[in-house]
Amino acid sequence: MESIGVLMLIPMNTYLEQELQKRYNLFKLWTAPQKPQFIKEHANSIRAVVGNAGAGADAELIEALPRLEIVSSFSVGVDKIDLAKCREKGIRVTNTPDVLTEDVADLAIGLMLAVLRRLCESDRYVRSGKWKKGDYKLTTKFSGKTVGIIGLGRIGMAVAKRAEAFNCPICYYSRTEKSDTKYKYYPSVVELASNCQILVVACPLTEETQHIVNREVMNALGPKGVLINIGRGPHVDEPELVSALVEGRLGGAGLDVYEHEPEVPEELFGLENVVLLPHVGSGTVETRKVMADLVLGNLEAHFLNKPLLTPLV
Amino acid sequence: MASDQATTPPPPPLPEIQSHDLSQVIVLHPPPVFNYFMDLFSKKFHLLKAWESPLPLHEFLTNHAHSAQAMLCSGTGPSISADIIRLLPSLRLVATTSAGLNHIDLTECRNRGISIANAGEAFSEDVADLAVGLLIDVFRKVSASDRYVRHGLWATKGDYPLGSKLGGKRIGIVGLGSIGFQVAKRLEAFGCNISYNSRKRKDFVSYPFYTNVCELAANSDVLIICCGLTEQTRHMINREVLLALGKEGVIVNIGRGAIIHEKELVQCLVQGEIGGAGLDVFENEPDVPKELFELDNVVLAPHMAVFTTESFEDLCDLMIGNLEAFFSKKPLLSPVMNE
C-alpha cells in the first residue's frame, strides 16, 4: 500500500496524518512552497485526496490529478468538493456523517445558552473584578423559547431533541415538509424566522442555501431574536449580520462558522450579545478520532475493492 | 358659569391609600428583585425598609417593627438569626426570594410557629439551564475559545485545542430536588447517564442512587451540586471527593459556595487533580480565588443562575402572591414544609 499516493490538503488531525503516513505515500500540500508545481510533480501517483471543511477537491484540483480515484473528507459537509465533477469522472467521495452529529448539536445548545445567559460575558465580568462593584444584570431565559431549525436532517433533529428537553417548542424549514415529524413546518425561512426566537442553521451548504439567512430573515428574527450558525459561514450574509447586530435589529448571535475562516469581523468583538467560536462543532478528542478512523476505513475499503463505509458519490 | 359651579358640588376626593392602611412587611436589606420591581411591592404593602434607616438594625426593629407580621428577605443581607427573630414579636411569616434557606434560623422559626415561604420552583428551570450551560462551556471550551477568537488568535495561532464529548458521560447529581431533577432531564437528552446522591432515595426516578457522595464521584465523570447548604452539606465536597472524581472529572456548582471546600477545590484545579469546573457560587461572594483567573478549564459566573427577566417577574408575582395569601389568611403559594 505504500506506493499509493494520498494528497492531504491542509493540517487537520495529527493522528490521521500519522496513520496516512504509515499506510500510504502521503503528500502534504501545505508544506509545498509552490503548490501547483508540487501537484504536477506528484500527480501521477496521487490516487486519493483527503480534505475537510476548510479545503476540498475543487474542479481545478480534480483536473490536475488524472489518477484520482477517491476523495475522502474529514467532515460531513462537502461544499468544498466539486461533486458533479467527481460523478462525471467516476471519482468516489466519502464524508463523516453521524459520528459528529451529537457534538455539533451539543454545541448548538451550548451557543444558545451562552448567548441568552451571557456566559462568556459574565465570565469576563468575574475575571475583570467587576463583580465586586455590583451584580451582573438580568439575562434572558432559554427554557421555553421557540427554536426554529433550518434543515431538519441528522444534526437538525439532534438539536430539536435536545431543545425539547428544555421545553422549547420546535419549528423548522426544509426543502420539503417531513411527514414523519410532529414539529411545525414553515414553507419559507422568513416565515420561520418570524415565528421563532432562536433560529439555527443546520442544513448543507449548496448553491441554493448560500445566504439563506439574509437581511430580510434577520429583520424577521428581530431585536429579541438570536441566530445560531453551526452550518457554514456562507449560509449567512456576513456583512448584513454585522450591521444587524451593531444596529440592534438582531438580538444576538452564536457563531461557529464564518464566510472567510479564520477571519472573524472585528466589529463583533466588542458586542456582548455575540459568542464567537473557532469552528469547533466536531472538535472533541473522541469525535475527531472516530472521524479519522472513518476516513482511514473508507480509503482502506476502496483500495481493497470493498464497499465504502460512508459513500456520497 | 361661576353660578353653575356654585350649585354643583365637586366630587369627593378619591381616598388616598395611606401606607399605614397597608399591611406591614419588614425588609432588612433589599432583595435583588427590588432593583427592578420594588414599586410593585410598595403599592400593595407598607414596606419597613430597615436598610434606609440611620438607626442600628436592632434599634430600628425594636422601635418600628413591633407589629410587623411578615418579613421579606433574600440570600443577601443579614441572616435571619434567632436574635433578629426575637426582636420581631409579631412575626408569623418569613418570605425569602431564594430557594435556599441557609440564611434563616429554621429551628427558631419552627419553635415560634413562624411559617416560611421560599421561591419554590419559580426558577428551577433557569438554574438547571445555567448548570447545563456551564457544563457544556467547560467540556467544549466555549468561553475560553470565545476569548481566543476575540483576541485575534485564531488567525495567528491556528485551531483551538479540542474539547471533550458530552454524550455518554456519567453525570452525578448531588441533590435530586426540583433543580437536580430538571438538570437530569436535560442532560438525558444529550445522551448522558444520570446517577445521584440525595438525603433519601427518590421513588419517581430510575437513576442509580448512591448513599455517599464519594462513591458517586468515583463512578461519575461530572458532579453537579444541586443541593442546599446545611450543617451536613457544608464542605461536603472536599479533596477526597475531588480525587475520587478524578483527573478528567468536572464539577459544576449552582448550589452554594460553601458546599465545596473552596481552598481544596482551587488546589485540585491548579494541580490538575480534576479536569475542570463551572462555578456560579463561591464561599465569600463576590470574592473569587485569584488562582482561578489563570485557568482556562474553569468557567466563572457571578451568582446569576436566577437572574433572568422571566424568573424575576415570576418571583415577584410569587412573593406578592404569598404575602397577599398570608394577610388574607389563605394558604401560602410556596410554603416550605418541615422535613
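Residues numbered from 1 in each chain as written. Chains lettered and ligands numbered in written order. Predicted model: local features only at pLDDT ≥ 70, side-chain atom pairs only at ≥ 80, totals over all residues. Heavy atoms only, no water.

Asks: Whenever I open this one, the overall build of chain A confuses me. Can you help?
Replies: On a plain count of helices and strands, chain A comes out with 11 helices and 12 strands. Relative to its length of 313 residues, chain A is compact, with a C-alpha radius of gyration of 21 Å against a globular reference of 20 Å. Overall size of chain A, expressed as C-alpha extent along the three principal axes, is 65 × 50 × 30 Å. Buried positions account for 60% of the 313 residues belonging to chain A. Look at the contacts in chain A between residues 6 or more apart in sequence, and 57% of them connect residues 24 or more apart. Of the roughly 13100 Å² of accessible surface on chain A, 49% is carried by carbon and sulfur atoms. (Helix = DSSP H or I, 4+ residues; strand = E, 2+ residues; numbered from the N terminus. Rg over C-alpha atoms; globule rule 2.2 N^0.38 Å. Buried < 20%, exposed > 50% of the residue type's maximum accessible area, 1.4 Å probe, protein only. Contact = heavy atoms within 4.5 Å. Areas by Shrake-Rupley, 256 points an atom, 1.4 Å probe, with all protein chains shown as cover.)

Asks: What exactly am I supposed to notice about the overall build of chain B here?
Replies: For chain B, the helix and strand inventory stands at 13 helices and 11 strands. By its C-alpha atoms, chain B is 90 × 55 × 40 Å across when sized along the principal axes. Out of the 339 residues in chain B, the part that is buried amounts to 53%. In chain B, the proportion of contacts linking residues at least 24 apart, taken out of those at least 6 apart, comes to 59%. Carbon and sulfur atoms provide 51% of the accessible area of chain B, an area that totals close to 15600 Å². Distance from the positive charge centre (29 side chains) to the negative charge centre (39 side chains) of chain B: 5 Å. (Lys, Arg positive; Asp, Glu negative; His and termini not counted. Charge placed at Lys NZ, Arg CZ, Asp CG, Glu CD.)

Asks: Would you mind showing me how to read the pattern of salt bridges here?
Replies: Side-chain pairs of opposite charge can arise whenever the charged atoms involved come near each other. In the structure shown here, the tally under the stated rule is 34 salt bridges over all chains. Three or more residues joined by partner-sharing salt bridges are found here, namely A:Glu121, A:Arg124, B:Asp146 and B:Arg150. (Salt bridge = Lys/Arg side-chain N within 4 Å of Asp/Glu carboxyl O.)

Asks: Quick question: what am I supposed to make of the sheet that holds strand 6 (residues 170–174) of chain B here?
Replies: Within a sheet, each strand pairs with its neighbour through backbone hydrogen bonds, oriented either parallel or antiparallel. Residues and elements named next belong to chain B. Spatially, 7-6-8-9-10-11 is the arrangement adopted by the six strands of the open sheet, whose pairing is parallel. The open sheet has two edge strands, strand 7 (193–197) and strand 11 (298–300), and neither has a second partner. Looking at each pair of strands side by side, their axes are set apart by 15° on average, direction ignored. One ladder, built from four bridges, connects strand 8 (residues 222–225) with strand 9 (residues 250–253); its direction is parallel. Across the sheet, the residue bridging to leucine 223 is isoleucine 251, located in strand 9. Relative to the sheet, helix 6 (residues 124–140) contacts strand 6, strand 8, strand 9, strand 10 (276–279) and strand 11, its axis offset from that of strand 9 by approximately 150°. (Pairing = 2+ DSSP bridges. Axes fitted to C-alpha atoms, helices over the stretch in contact; angles between N-to-C directions.)

Asks: Just to check I follow, could you spell out the environment of A:Ala64 for this structure?
Replies: All names here are of chain A. On the secondary structure map, alanine 64 appears in helix 3 (residues 59–64). Considered as a pair, alanine 64 and glutamate 259 are 195 residues apart in the sequence and their alpha carbons are 26 Å apart. Setting aside chain neighbours within four positions, we find alanine 64 in contact with Ile39 and Ala43.

Asks: Help me out: how do you make sense of the packing of aromatic side chains in this one?
Replies: For any two aromatic rings, the description comes down to two numbers: the centre-to-centre distance and the angle of the planes. Residues and elements named next belong to chain B. Following the criterion strictly, the structure yields 18 aromatic pairs over all chains and no others. Ring centres of tyrosine 36 and phenylalanine 37 lie 6.4 Å apart, and the angle between their planes is 50°; this geometry places the pair in the tilted category. For tyrosine 36, a relative accessible area of 38% corresponds to the partly exposed category. You can call phenylalanine 37 buried: its relative accessible area is 17%. (Phe/Tyr/Trp six-rings, centres within 6.5 Å; stacked < 30°, edge-to-face > 60°.)

Asks: Explanation requested: the confidence of the model for chain B in the structure shown.
Replies: Reading predicted coordinates in detail is not appropriate for stretches of low pLDDT. Residue and element names in this part refer to chain B. The pLDDT averaged across chain B works out to 94; a share of 94% of its residues lies at or above 70. Across residues 1–5, where pLDDT falls below 50, the model places zero contacts with residues more than four positions away in sequence or in other chains. Note on the complex model: pTM 0.93, ipTM 0.97. (pLDDT = per-residue confidence, 0-100.)

Asks: Just checking my understanding: could you explain the nonpolar core for this structure?
Replies: Note that soluble globular proteins tend to have their nonpolar side chains buried in a common cluster. Membership of the largest hydrophobic core comes to 160 residues, with the highest contact counts inside it found for B:Phe41, B:Leu187, B:Ile237 and B:Ile251. If you tally residues by element for this core, the top one is helix 5 (residues 101–116) of chain A, at 11 residues. (Core = buried A, V, L, I, M, F, W, Y, C linked by side-chain atoms within 4.5 Å.)

Asks: Would you take a moment to explain the interface of chain A and chain B for this structure?
Replies: Note: interface size is frequently given as the accessible area lost on complex formation between the parts. On the side of chain B, 54 residues touch chain A, which itself brings 58 residues to the contact. Overall, the association of chain A and chain B removes approximately 5100 Å² of surface from exposure, summing both partners, and the carbon and sulfur fraction of that is 58%. Considering only the surface of chain A that becomes buried against chain B, A:Arg127, A:Trp131 and A:Leu138 emerge as the three largest contributors, covering 16% of it. Connecting chain A to chain B are nine salt bridges. B:Glu310 serves as the salt-bridge partner of A:Lys145, at 2.7 Å between the closest nitrogen and oxygen. At the junction of chain A with chain B, the criterion picks out 33 residue pairs in polar contact (both at pLDDT 80 or more). Looking at the side of chain A that touches chain B residue by residue, the classes come out as 27 nonpolar, 12 polar and 19 charged. (Buried area = accessible area lost by both parts, 1.4 Å probe. Polar contact = N/O pair within 3.5 Å; in protein donor to acceptor, adjacent residues only side chain to side chain. Nonpolar A, V, L, I, M, F, W, Y, C, P; charged D, E, K, R; others polar.)

Asks: Looking at this model, I keep getting lost on the environment of B:Val25. Mind explaining?
Replies: Residues and elements named next belong to chain B. Mapped onto the elements of the fold, valine 25 is located in strand 1 (residues 24–27). Spatially, the C-alpha atom of valine 25 lies 40 Å from that of lysine 290, the residues being 265 residues apart in sequence. For valine 25, the residues in contact, after removing those within four places along its chain, are Phe45, His46, Leu47, Leu48, Ala70, Met71, Leu72, Leu323 and Phe327.

Asks: Explain the sheet that holds strand 1 (residues 5–8) of chain A here, please?
Replies: Residue and element names in this part refer to chain A. Taking strand neighbours across the sheet as the criterion, the five strands line up as 2-1-3-4-5 in an open arrangement whose pairing is parallel. Looking along the sheet, the strands with just one partner apiece sit at the ends: strand 2 (25–28) and strand 5 (92–94). Sheet twist, expressed as the mean angle between neighbouring strand axes with direction ignored, is 20°. Where strand 1 and strand 3 (residues 46–52) come together, four bridges link them in parallel fashion. Counted as the bridge partner of leucine 7 is valine 49 from strand 3.

Asks: Honestly, the side chain of A:Glu17 in this entry has me stumped. Any pointers?
Replies: Take A:Glu17: it is sitting in helix 1 (residues 14–23). In contact with A:Glu17, not counting residues within four places along its chain, are A:Met8, A:Leu26, A:Lys28 and A:Trp30.

Asks: Would you take a moment to explain helix 11 (residues 285–303) of chain A for this structure?
Replies: Each turn of an α-helix holds 3.6 residues, which means side chains three or four residues apart point in the same direction. In this model helix 11 of chain A runs 27 Å from its N-terminal to its C-terminal C-alpha over 19 residues, within 8% of the 27 Å that 1.5 Å per residue would give. Count one or two residues on from helix 11 of chain A and you reach A:Asn305, which has phi positive near 60°. (Expected span 1.5 Å × (residues − 1).)

Asks: Please explain the pairing of strand 7 of chain B as it appears in this structure.
Replies: Consecutive side chains along a regular strand alternate between the two faces of the sheet. Residues and elements named next belong to chain B. Of all five residues that make up strand 7, four are buried, and the element is covered over most of its length. As judged from the five bridges shared by strand 6 and strand 7, these two strands associate in the parallel manner. Counted as the bridge partner of isoleucine 173 is tyrosine 196 from strand 7. Where the polypeptide runs from strand 6 across helix 9 (residues 178–188) and back to strand 7, its parallel neighbour, the crossover connection is right-handed. (Right-handed = clockwise from strand over helix to strand, strands pointing away.)

Asks: Is there a simple way to explain the packing of helix 2 (residues 34–44) of chain B against helix 13 (residues 309–327) of chain B in this structure?
Replies: Describing two packed helices takes the angle between their axes plus the distance from one axis to the other. Residue and element names in this part refer to chain B. Their axes nearest at 11 Å, the elements helix 2 and helix 13 cross at an angle of 20°. Overall, the two elements helix 2 and helix 13 adopt an arrangement that is roughly parallel. Once helix 2 is placed against helix 13, the crossing between them reads as right-handed. For the pair helix 2 and helix 13, the contacting residues are Tyr36, Phe37, Leu40, Phe41 and Lys44 in the first and Phe312, Glu313, Cys316, Met319, Ile320, Leu323 and Glu324 in the second. (Parallel < 35°, antiparallel > 145°, perpendicular 65-115°, else oblique. Left-handed = near helix turned anticlockwise from the far one by under 90°.)

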